[in-house]
Amino acid sequence: MGYPHPIHPRETPVLSQHFGQAAARTYTGWVERGGYQALRKAIGMAPDDIIAEVKASGLRGRGGAGFPTGLKWSFMPKDDGKPHYLCCNADESEPGTFKDREVMRWTPHALIEGCAIAQLAIRADVTYIYIRGEFTEPYHVMQRALAEAYAEGVLGANALGSGKRIDMVIHRGAGAYICGEETAMMNSIEGRRGNPRIKPPFPAVAGLFGQPTTINNVETLAAVPAIINRGAAWYAGLSLSSPKSTGTKLISVCGHVQRPGTYEITLGFPMKDLIYDLCGGMRPGRTLKAVIPGGSSVPIMTPDEVEACPTDYEGIVAHGSMLGSGGMIVMDDSTDLVYQIMRLARFYAHESCAQCTNCREGTAWTTRILERMLAGEGKQSDLDLLLDLSDQMTGKTICVLSDSCAAPVVSGIHKFRADFDACLSRVRPAVMAGV
Amino acid sequence: MTAHGTTPHQPIFAGDVLAKLEALYPKYPDKRSVLLPALWLVQEARGWVSDDAVREVAERLDLTPSYVRGVLTFYTMYHKHPVGRHFIQVCTTSPCGMCGAEDVARTLVEHSGCGDLGATSPDGRFTVIEVECLGACGFPTPILIDDDFIESVTPERVPELLARYP
C-alpha cells in the first residue's frame, strides 16, 4: 500500500499488504496472516531447490544493483566445511529511499522469515541484519520480533521443530551511509571503520570474517516468503515486463507530489501514472520539472523522459536513468536544480569514507564549485570543470560513492542547462570600494 | 586511568552494562566485532564516549585505544564530546530540503537556545545538529530527538515539540 495512504486500486500489494496494521508486527498476528508457512515449506526443501525457485522467479536485488538473487545465492560454495554468513542490508540511507524502513516497521517477521529461508538456501550459520543507527523505531520493532521468533521456536537450535539451527543477530550501525556498500558493511560488522574493500575477492568467496557471504537488501529478502508460498511462476507473472524485470517493487516517492509514500507496483508500471495517479500529481498550479527515480545516485530525468517510461530495470535505463533503490524524488517547477544538485553533492562529500583520492577530493571540490556558483561567483568555465571532475570521479574508485556524486551533476548539466545558465547569469557585480 | 587529578573513572562495564556486553560475545566469532555495540552501550550509559571509556572498551575487547578511537571517529552517531541533555538531529538533505527542512533547522536552533548548529544551549538542555538523510523522505521534515523519531515537523510545531523535552 502507499503507506501512509490506503491501498490504491492500481497497486499490487504483496510486501505492503499489511503495512499500517499494528497486529501484523507480532508473531501471532503474522502467523494469522499466513506467516512462517513458507519457512516451514523451505525447511522441507533441498537448498538447491530453494535457489532454483528464487532463480525461476526472476527476483532481482531491490537495493539498487538489480543483480539476480537466485544467481547470487548460487555463487555460495557447497560442502566446503567453512562457516557461511548472510548479511541483510538494512542500512537504508540513499536520499529519497524510505521503503525498507516500512518493511521493518510493519512486517518485521516477513523479513525474519525471508532471512531464514535465504539462510537455509545458502547454508549460512548466522544472519547479521545491519540496521542504520538512525532507524530507532525499525530497530526496536525488529529487536522485539526477533526475540519473539526465538521464544516461539521459529529460530534457534531447533527451528520450527526441524532439528535445523537458524540464528540471527541485529547489528546497529552508527551513522555512515557508506556502510550500505556491501564490503563496507562487512567491515562495520567486524568492528572496523566502514571502508569498502577491493573486489575481488567477492563476498561469496571471502566475505564477512573472511568466509563465504551473501548480502541481500531488506526488500529482496522480504519478497522471498511469498515466492516460496505461491511459486516462481506466480511471482514472475505479476510483472508487466517479464521476463527481465519480474514481480512487484516498492517505490518510495517523495518531494513535490501530493501524496508522498511507499507504493507497491508491478515492475513495468508506467512512471507517469505512478506520479500523477497514485501520488496525486503535483501541488496545485505546479508542473513537473525533474525526477530522480532510483535514489540520489542515479541520473536525473526530464518530464519528456518520464512520459513513456515503464518503471522497471530496463525501461528506466532506456529513458535515461536507473531504477536503483526505487527511491523517487519528484521536483516541480519551483525547484532550482543547481541548488538541489549542490545539496546532493554535499551529501556525498559528507559521506565519503575518504580512502580514494578521486572521491575524497572530488566530492568536496564538486560541492565547493556548486556553492561558489550559487553564491554568485561562478564562471562559465565552471561547467566544463564540473564535467571534467565528474569524469575523474567515475569508474576510478573502490566503490561507487564517487560515481554517485557525479551522476546528478553530469545529468543535471546536460539536461537542465537552463538552470545552470540562470545561476551563472546571476553573477554578483563587483562592489566598488568607496562608491 | 585518570588524567591530571580529575575524578577517577568509574567503570562503565559493571552490573547490568557488563551483563549486556557479555551477552554480545556469543553473537560474533571474535571480540573485535563487539566494538560497535560496545560503544553504543557506553553512549547509552554515559551520554558520550570519553577517553577513559575508549581505554575501558579497548581493554575489554583486547584492542588498543588508538584502534578504538580510529573506529569511533569514523561513525558520526557516537558523541566524542558531551552534548546537551536532549540531542536533536534534523535532516536537511535534498528531498527534505525541497520541502522546508532548512526553516525547521533554523527554528530548532532559535527556539532551543543553541544559537548555532552543533552548539549546546547555555542551560545544557539541547544540542541541535544537521544530519544527512534520515531515510524518511516522504515525511518532511523528520527529526530525531534522542531516540524519538518524529516526522512531518514544521517550524510551527517546533515550540510544542521542544516543550516535551525538559
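This one's a predicted model, so the numbers in the text were calculated from it and none came from an experiment.

What follows concerns the domain arrangement of chain B. For chain B, the assigned domains read domain 1 (15-74) and domain 2 (86-163). Computed from C-alpha coordinates alone, the two centres of domain 1 of chain B and domain 2 of chain B are separated by 29 Å.

On to the interface of chain B and chain A. Counting residues at the interface gives 39 residues for chain B and 56 residues for chain A. Buried surface at the junction of chain B and chain A, both sides included, amounts to about 3700 Å², of which 56% is carbon and sulfur. If you sort the residues of chain B by the area they bury against chain A, Phe 74, Met 98 and Glu 132 of chain B come out on top, with a joint share of 19%. The tally of links between chain B and chain A comes to three salt bridges. Across the pair Glu 151 of chain B and Arg 101 of chain A runs a salt bridge, and its minimum N-O distance is 2.7 Å. Counting the contacts that link chain B with chain A gives 20 residue pairs in polar contact (both at pLDDT 80 or more). Residue contributions to the side of chain B that touches chain A peak at four residues, all from helix H2 (residues 35-46) of chain B. Tallied by class, residues from the side of chain B that touches chain A come to 22 nonpolar, 10 polar and seven charged.

Residues and elements named next belong to chain B. Here helix H1 (residues 15-24) crosses H2 at 165°, and the two axes come no closer than 10 Å. Classified by the angle their axes make, H1 and H2 are roughly antiparallel. Here H1 runs over H2; the crossing is right-handed. Where H1 approaches H2, its residues Val 17, Lys 20, Leu 21 and Leu 24 are matched on the opposing element by Pro 37, Ala 38, Leu 41, Glu 44 and Ala 45. Tallied by class, the residues present in the contact of H1 with H2 amount to seven nonpolar, no polar and two charged.

The strands that make up a sheet are held in pairs by hydrogen bonds between backbone atoms, and each pair lies either parallel or antiparallel. Residues and elements named next belong to chain A. Strand order in the open sheet made by the four strands is S6-S5-S10-S8, with mixed pairing throughout. Single-partner strands in this sheet number two, and they are strand S6 (261-266) and strand S8 (288-292). Neighbour-to-neighbour, the strand axes of the sheet open up by a mean angle of 30°, direction not taken into account. Across six bridges, strand S5 (residues 248-255) lies against S6 in antiparallel orientation. Across the sheet, residue Ser 252 finds its bridge partner in S6, namely Thr 262.

Each value, and the rule that gives it
- Residues numbered from 1 in each chain as written.
- Chains lettered and ligands numbered in written order.
- Predicted model: local features only at pLDDT ≥ 70, side-chain atom pairs only at ≥ 80, totals over all residues.
- Heavy atoms only, no water.
- Domains from an automatic or database assignment.
- Contact = heavy atoms within 4.5 Å.
- Buried area = accessible area lost by both parts, 1.4 Å probe.
- Salt bridge = Lys/Arg side-chain N within 4 Å of Asp/Glu carboxyl O.
- Polar contact = N/O pair within 3.5 Å; in protein donor to acceptor, adjacent residues only side chain to side chain.
- Helix = DSSP H or I, 4+ residues; strand = E, 2+ residues; numbered from the N terminus.
- Nonpolar A, V, L, I, M, F, W, Y, C, P; charged D, E, K, R; others polar.
- Axes fitted to C-alpha atoms, helices over the stretch in contact; angles between N-to-C directions.
- Parallel < 35°, antiparallel > 145°, perpendicular 65-115°, else oblique.
- Left-handed = near helix turned anticlockwise from the far one by under 90°.
- Pairing = 2+ DSSP bridges.

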